[in-house]
Amino acid sequence: MVGRGQGVPENLQDLPVTPTWDRPAPELAQGPRPNAAGMDLAALRTLVASLGESPFRAAQLHQGLYQHRWTAWEQFSNLSKPLRARLQAEVALAWPELVESVHSEDGSTKHAFRMADGSLVEGVHMPYENRTTLCLSSQVGCAMGCTFCATGLMGIKRNLTAGEIAGQVVTMLNAHRHQAPAPVNIVFMGMGEPLHNLDHVMAAFALMTDPKGLAIPPWRITLSTSGLVSGIQRLGAYAKRPRLALSLNATTDGYRSSIMPVNKVWNLEALAAALKAFPLESNERITLEYVLLKGVTDSLDDGRRLAAFAQKFPSKINLIPFNPHEGSGFEPPTEGRITELCGLLAGRNLTVSVRRSRGQDVAGACGQLVREGRKAT
Ligand code: SAH
Ligand code: SF4
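Residues numbered from 1 in each chain as written. Chains lettered and ligands numbered in written order. Predicted model: local features only at pLDDT ≥ 70, side-chain atom pairs only at ≥ 80, totals over all residues. Heavy atoms only, no water.

1. Concerning the overall build of the protein chain
Phase 1: A count of helical and extended segments in the protein chain gives 11 helices and 12 strands.
Phase 2: Taken over the C-alpha trace, the protein chain has a radius of gyration of 21 Å; the compact-globule value for 377 residues is 21 Å, and the two agree within 12%.
Phase 3: Taking the principal axes of the C-alpha coordinates as reference, the protein chain spans close to 70 × 50 × 45 Å.
Phase 4: The contacts of the protein chain with a sequence gap of at least 6 include a subset with a gap of at least 24, amounting to 67%.
Phase 5: Counting only carbon and sulfur atoms, one obtains 51% of the accessible surface of the protein chain, whose full area is about 16400 Å².
Phase 6: Considering the protein chain, the positive charge centre built from 38 side chains and the negative charge centre built from 33 side chains are found 5 Å apart. (Helix = DSSP H or I, 4+ residues; strand = E, 2+ residues; numbered from the N terminus. Rg over C-alpha atoms; globule rule 2.2 N^0.38 Å. Contact = heavy atoms within 4.5 Å. Areas by Shrake-Rupley, 256 points an atom, 1.4 Å probe, with all protein chains shown as cover. Lys, Arg positive; Asp, Glu negative; His and termini not counted. Charge placed at Lys NZ, Arg CZ, Asp CG, Glu CD.)

If you want it as structure tokens, here you go:
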């Protein structure tokens with residue numbers, strides 16, 4: 001196993017995209033005006049002080065931004081008109097902007113968001129009878145280079161800021177005001193590797209869970225990772241954190257390394273050790289996501305090895321039939337094989353579900369809308 005911070009191993013260089021998770025992703029260049037969208041209460045206090053306004057204005061701004069989810073200064077009816085005019089001139093209020101929304105037959109909507117610098121990322125709104133799930137991006141592109149993933153084939157452009165991450169929630173809830181049954185669940189399963197952008201993801205987590213703001217319960221937020229062990233360890237040290245999902249996707253080091261370069265740095269053994277050591281709440285389980293690639297990762301032997309891996313710690317398994325996209329070279333499994341694998345896992349007393357990719361008819365898997373949109377332009 002190669003240690004962290006020693007650079008990308010040489011045998012990873014011939015992949016379509018060279019993985020670069022061993023170094024920090026670039027950050028958003030700051031614009032000329034501060035952007036209030038995404039500031040927490042402390043930052044709003046500093047902003048208000050810099051404008052020479054009374055400190056209590058910060059709480060009013062916070063309420064407008066996160067409870068009312070206002071998108072323009074003129075909506076801030078809790079502020080005086082002169083202050084609104086001043087904010088209009090001196091402070092930006094820029095939430096992620098919707099540039100394309102594609103509705104799927106199953107009720108979900110895939111959104112492309114444009115950020116202040118023109119970067120595009122994706123989010124998905126999935127309404128169910130008794131809840132709404134929002135899928136968020138954490139980065140523009142991804143540095144991990146997984147060969148089956150449309151985002152992985154783009155490489156990394158930059159980290160999203162906390163405001164850009166929580167802003168996807170604000171923009172989607174505003175766009176679906178009348179079809180967003182509570183409660184809201186959040187999954188970091190859009191573009192990017194959240195553990196490669198942990199500081200901003202945790203700042204976004206704080207914004208999303210603030211009881212005086214968006215007020216989403218922490219346990220309704222799930223962070224999905226490809227297996228950056230250093231990041232798993234850092235996440236485990238937080239007192240308040242999202243739930244953890246691990247994209248296992250293969251059951252031997254040979255196959256996993258060939259589709260997920262990160263496995264060459266932290267292999268299955270290192271991963272299992274990190275997951276075993278991850279401090280869980282009493283009823284908490286780690287979700288194991290497993291993308292089924294026909295003829296690559298969907299054998300019955302894979303099913304048996306997946307079961308053995310899952311039995312090492314409290315877990316539940318989510319099988320994800322591969323969502324095809326152009327140029328990937330992979331195929332989805334047969335329905336018969338999905339059923340067989342479900343039976344095999346359930347027969348070993350494991351909790352197993354199949355994720356029917358919502359929005360499959362509209363390029364459902366992460367990165368596909370932005371990639372397909374790009375090709376069209
Ligand atoms: N980077 C994180 C989170 C974003 S990817 C991670 O890898 O976990 C979210 C999930 O989508 C992962 O489980 C990934 O394996 C899966 N995925 C990526 N491309 C897919 C595709 N074409 N079909 C099905 N699942 C895919
Ligand atoms: Fe990045 Fe996740 Fe896609 Fe891998 S599967 S390239 S980690 S977004």
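Alright, that's what it looks like, and here's the rest.
2. Quick notes on the sheet that holds strand β2 (residues 109–114)
Phase 1: Read from one edge of the open sheet, 10 strands run β1-β2-β3-β4-β7-β8-β9-β10-β11-β12, paired in mixed fashion. Each edge of the sheet is formed by a strand with only one pairing partner; in this case those strands are β1 (97–103) and β12 (352–354). Adjacent strand axes in the sheet meet at a mean angle of 20°, parallel and antiparallel pairs treated alike. (Pairing = 2+ DSSP bridges. Axes fitted to C-alpha atoms, helices over the stretch in contact; angles between N-to-C directions.)

3. Section: the layout of surface pockets
Phase 1: Roughly 680 Å³ of internal volume is contained in the second largest pocket.
Phase 2: Put simply, the parts of the chain that give the lining of the second largest pocket at least two residues each are α4 (162–175) and α5 (198–209).
Phase 3: Sorting elements by how many residues they give to the lining of the second largest pocket places α5 first, with 4 residues.
Phase 4: Tallied by class, residues from the lining of the second largest pocket come to 17 nonpolar, 8 polar and 7 charged. (1 Å grid on protein atoms, 1.4 Å probe; cavity = no way out; pocket = protein on both sides within 12 Å on 5 of 7 lines; lining within 4 Å. Points joined across faces, edges and corners; volume = space filled by probe spheres on them. Nonpolar A, V, L, I, M, F, W, Y, C, P; charged D, E, K, R; others polar.)

4. Side note on the site of ligand 1
Phase 1: As a matter of local geometry, ligand 1 sits amid 22 residues, with Gly192, Ser224, Ser247, Asn249 and Asn323 nearest to it.
Phase 2: One of the backbone N or O atoms of Thr225 is found 3.5 Å from an oxygen atom in ligand 1.
Phase 3: Within the contact set of ligand 1, a nitrogen atom lies 2.8 Å away from a backbone nitrogen or oxygen of Asn323.
Phase 4: Breaking the shell around ligand 1 down by element, the ones donating at least two residues are β8 (221–225), β10 (286–292) and β11 (315–321). (Near = heavy atom within 4 Å. Polar contact = N/O pair within 3.5 Å; in protein donor to acceptor, adjacent residues only side chain to side chain.)

5. Observations regarding the nonpolar core
Phase 1: Of all hydrophobic cores here, the largest spans 100 residues; its most connected members are Phe148, Ile186 and Met208.
Phase 2: With residues up to four places along the chain from it excluded, the contact list for Met208 reads Leu136, Ala166, Val169, Ile186, Phe188, Leu214, Ala215, Ile216 and Ile221. (Core = buried A, V, L, I, M, F, W, Y, C linked by side-chain atoms within 4.5 Å. Buried < 20%, exposed > 50% of the residue type's maximum accessible area, 1.4 Å probe, protein only.)

6. What about the packing of aromatic side chains?
Phase 1: This structure, assessed with the given rule, holds 5 aromatic pairs.
Phase 2: Ring geometry for Trp70 against Phe76: centres 5.1 Å apart, planes inclined by 65°, an arrangement best described as edge-to-face. Across the pair, Phe76 and Trp70 agree in class, each one buried.
Phase 3: Positioned over the ring face of Tyr128 is Arg131, at 4.1 Å from the centre of the ring. (Phe/Tyr/Trp six-rings, centres within 6.5 Å; stacked < 30°, edge-to-face > 60°. Lys NZ or Arg CZ within 6 Å of the ring centre and 35° of its normal.)

7. Observations regarding the pattern of salt bridges
Pairing is possible between side chains of opposite charge, provided their charged atoms come close.
Phase 1: By the definition in use, this model includes 14 salt bridges.
Phase 2: Glu164 is paired through a salt bridge with Arg158; the nearest N and O atoms lie 2.9 Å apart.
Phase 3: With relative accessibility at 7%, the residue Glu164 sits in the buried group.
Phase 4: Relative accessible area serves as the criterion here: at 3%, Arg158 is assigned to the buried category.
Phase 5: With its nearest N and O atoms 3.0 Å apart, the salt bridge here joins Glu289 to Arg355. Within this pair, whereas Glu289 is found in strand β10, its partner Arg355 is found in the loop between β12 and α11 (368–376), the two being separated by 66 residues in sequence.
Phase 6: Judged by relative accessible area, Glu289 falls into the buried class, the value being 4%. (Salt bridge = Lys/Arg side-chain N within 4 Å of Asp/Glu carboxyl O.)

8. Let's talk about the confidence of the model for the protein chain
Predicted coordinates in regions of low pLDDT should not be interpreted in detail.
Phase 1: Predicted confidence across the protein chain gives a mean pLDDT of 90, with 90% of residues reaching 70 or more.
Phase 2: Scored below 50 in pLDDT, residues 1–9 shows 17 contacts in the model against residues more than four places distant or in partner chains.
Phase 3: The model gives residues 371–377 a pLDDT under 50, and that stretch makes 9 contacts with residues more than four places away or in other chains. (pLDDT = per-residue confidence, 0-100.)

9. Notes on the packing of α5 against helix α6 (residues 229–236)
Phase 1: Where α5 contacts α6, the axes come no closer than 11 Å and their chain directions differ by 35°. Crossing handedness for the pair α5 and α6: right-handed. Only Gly231, Arg234 and Leu235 of α6 make contact with α5, whose side of the interface consists of Leu198, Asp199 and Met202.
Phase 2: When its residues are assigned to classes, the contact of α5 with α6 shows 3 nonpolar, 1 polar and 2 charged. (Left-handed = near helix turned anticlockwise from the far one by under 90°.)

10. Considering the environment of Thr171
Phase 1: Among the secondary structure elements, Thr171 is positioned in helix α4.
Phase 2: Look at Thr171 and you get buried, because its relative accessible area is 12%.
Phase 3: Once residues lying within four places of it in the same chain are set aside, the contact partners of Thr171 are Trp95, Pro96, Leu98 and Phe113.

11. A short note on the environment of Ala273
Phase 1: With respect to the helices, strands and loops of the structure, Ala273 is situated in helix α8 (residues 268–277).
Phase 2: Counting along the chain gives 84 residues from Ala273 to Met189, while the straight-line C-alpha distance between them is 23 Å.

12. Quick word on the environment of Val262
Phase 1: You can see Val262 is positioned in the loop between α7 (253–259) and α8.
Phase 2: Distance in space between the C-alpha atoms of Val262 and Gly227 is 7.0 Å, their sequence separation being 35 residues.
Phase 3: The contacts of Val262, once residues within four sequence positions are left out, are Trp21, Met144, Ser226, Gly227, Leu228 and Arg256.

13. Quick look at helix α1 (residues 41–50)
Phase 1: Where α1 is concerned, the buried positions are Leu44, Leu47 and Val48. Projected down its long axis, α1 shows its buried positions confined to an angular sector of 95°, all on one face. Facing away from the buried surface of α1 by more than 90 degrees, the exposed residues are Thr46, Ala49 and Ser50.
Phase 2: Structurally, α1 contributes buried residues whose contacts are with α2 (57–67).
Phase 3: Among the residues trailing α1, Gly52 stands out with phi positive, at a value near 75°. (Arc of directions from axis to C-beta.)

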